[in-house]
Amino acid sequence: MAAKIQWRTEMDDALCLGQKAGKPILLDFFNPG
Amino acid sequence: MDAVTYPESKVVSFIEENFIPLRLGFDSKPYSDTFNVKWTPTIITLSPEAQEHHRTVGFLGPEELIPSLLLGLGKYAFENDRFAEALARFEQLGAGYGISDSAPEAVFLSGVCRYKQSHDPKPLKEAYEKLSVAFPDSEWTKRAYPYCLL
């Protein structure tokens, strides 16, 4: 099975993970349809 | 993006290696207001302190998304005064995606990074010369024009 992007869905969760990992956030505002 | 770009394996690995990926609906309050989102996709490089460093609006294929994200990583470092790290990102962009739409801005900012590191204006002039040859019609070549007078 092909790998997929493991998108986070909560801003606070992503910022916390970014601080821990020392990584920026890739924030994608999308149209869920 | 979901049909073409995000399933691409090199896109998946690049994003997972370099970012915490976060997806929000375009009407997700309060963030759609905070970031003034008016169209999708709006793709933002955000620091872990929630500061915006780079933004694109509209579809990008894999061959443009990765260099755009490299530009975002470089600008994230640049705007935090980590010029060596920024320069490495811009050079990575130039080496792998030198004819992408993000390349001219990376050349421009490479010159600025080198100037910031050395306080020697020569890299600014070199950036203009490189831009004028490789990207004569780019807005970044026009923005760098004054450096040819240095």
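Before reading on, note that the structure itself is shown above.
No experiment lies behind these values; they were computed from the predicted model shown.

S.K.: Where do I start with the overall build of chain B in this structure?
M.R.: The number of helices and strands found in chain B is seven helices and three strands. Helices and strands in chain B line up, N terminus first, as α-β-α-β-β-α-α-α-α-α. In terms of overall dimensions, chain B has C-alpha extents of about 50 × 30 × 30 Å along its principal axes. A burial count over chain B gives 52% of its 150 residues as buried. Within chain B, counting contacts between residues at least 6 apart in sequence, those at least 24 apart form 47% of the total. Here chain B has roughly 7500 Å² of accessible surface; of this, 53% comes from carbon and sulfur atoms. The centroid of the 15 positive side-chain charges in chain B is displaced by 4 Å from the centroid of its 21 negative side-chain charges.

What counts and how
- Note on numbering: residues in each chain are counted from 1, in written sequence order.
- For this description, chains carry letters from A and ligands carry numbers from 1, given in the order in which they are written.
- For a predicted model such as this one, the threshold for reporting local features is a pLDDT of at least 70, and the threshold for listing and counting side-chain atom pairs is 80 or more; totals across whole chains, interfaces and linings nevertheless cover every residue.
- Excluding hydrogens and water, the side-chain figures rest on all heavy atoms present in the structure.
- The secondary structure listing takes helices from DSSP runs of H or I that are at least 4 residues long and strands from runs of E that are at least 2 residues long, numbered from the N terminus.
- Remark: exposure states derive from per-residue accessible area (1.4 Å probe, protein chains only) relative to the maximum for the residue type, with buried under 20%, exposed over 50%, and partly exposed in between.
- Pairs of residues are marked as contacts when any of their non-hydrogen atoms sit within 4.5 Å.
- The method behind every accessible area is Shrake-Rupley, applied with a 1.4 Å probe, and residues are considered shielded solely by the protein chains displayed.
- Under the convention used here, Asp and Glu are negative, Lys and Arg are positive, and both His and the chain ends fall outside the count.
- The atom standing in for a charge is NZ when the residue is Lys, CZ when it is Arg, CG when it is Asp and CD when it is Glu.

Nothing here speaks to function; it is geometry throughout.
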